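Single-letter residue listing:
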Amino acid sequence: MTTYYIGADVHSNSTEMAIEKGRKIVANYIVPTTIPAISNILDSLQGKKQLAIEEGPMAGWLYRNLNKKVDKLIVCDPRRNKLIDCDGDKDDKIDASKLALLLRGGYL
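Calculation criteria
Residues numbered from 1 in each chain as written. Predicted model: local features only at pLDDT ≥ 70, side-chain atom pairs only at ≥ 80, totals over all residues. Heavy atoms only, no water. Pairing = 2+ DSSP bridges. Helix = DSSP H or I, 4+ residues; strand = E, 2+ residues; numbered from the N terminus. Axes fitted to C-alpha atoms, helices over the stretch in contact; angles between N-to-C directions. Contact = heavy atoms within 4.5 Å. Salt bridge = Lys/Arg side-chain N within 4 Å of Asp/Glu carboxyl O. Buried < 20%, exposed > 50% of the residue type's maximum accessible area, 1.4 Å probe, protein only. Arc of directions from axis to C-beta. Core = buried A, V, L, I, M, F, W, Y, C linked by side-chain atoms within 4.5 Å.

## Some thoughts on the sheet that holds strand β2 (residues 14–21)
An order of β3-β2-β1-β4-β5 is seen for the five strands of this open sheet, with the pairing classed as mixed. Looking at strand neighbours, the two that pair on one side only are β3 (24–32) and β5 (72–76), the edges of this open sheet. Each neighbouring strand pair of the sheet contributes to a mean axis angle of 20°, computed without reference to strand direction. Note: strand β1 (residues 3–10) against β2, six bridges, orientation antiparallel. The residue of β2 that forms the bridge with V10 is T15. Lying on the sheet, helix α1 (residues 35–43) is in contact with β1, β2, β3 and β4 (48–54); it crosses β3 at an angle near 155°.

## Description of the pattern of salt bridges
A complete count under the given rule lists two salt bridges for this structure. For R104, the salt bridge identified is with E20, shortest N-O distance 2.5 Å. With R104 in helix α4 (residues 92–105) and E20 in strand β2, this pair connects stretches of sequence that are 84 residues apart. The exposure class assigned to R104 is partly exposed, which follows from its relative accessible area of 28%.

## Section: helix α2 (residues 59–66)
All of the buried residues along α2 are A59, L62 and L66. An end-on view of α2 places all buried positions within 65° of arc, on one side of the element.

## Some details on the environment of L42
You can see L42 is positioned in helix α1. Considering only alpha carbons, one finds L42 and I19, 23 residues apart in sequence, at a separation of 9.7 Å. In contact with L42, not counting residues within four places along its chain, are I6, M17, K49, L51, L66, K69 and V70.

## Structural notes on unusual backbone geometry
Despite not being glycine, R23 shows a phi value in the positive range, around 70°. Tracing the sequence through the fold places R23 in the loop between β2 and β3. Classification of R23 by relative accessible area gives exposed; the value is 63%.

## Section: the nonpolar core
By size, the foremost hydrophobic cluster in this structure holds 21 residues, and its most contacted members are I6, M17, L42, L51, I53 and L66. Counting residues per element, this core draws most heavily on α1, at five residues. I53 has contacts with A8, V10, A59, L62, L73, I74, V75 and C76, leaving out every residue within four places of it along the chain.

Okay, here's the thing in structure tokens:
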């Protein structure tokens with residue numbers, strides 16, 4: 001069974017999502033930060049789904065509403081992930097991709 005590792009960089013207006021499958025980022029999405037928009041992406045993936053989101057003001061709300069849509073959901077502190085916190089390249093697409101890769105590797 002295919003496993004998808006999804007990193008989500010969440011902001012009040014939009015969420016950048018990176019989908020990792022088979023050790024490669026296979027898709028990137030920018031969706032509104034709403035449960036239906038994020039759920040549509042998650043529901044489109046057939047297989048096991050693991051989702052990582054950064055800790056922030058909406059993390060609890062997202063956890064409560066998306067937890068049943070995935071097999072595993074991790075809320076992480078980005079300051080504790082050196083790959084994200086200390087890297088010179090800092091933007092939402094890169095953050096979401098790094099979250100997906102760290103999730104796959106078991107580093108969150």
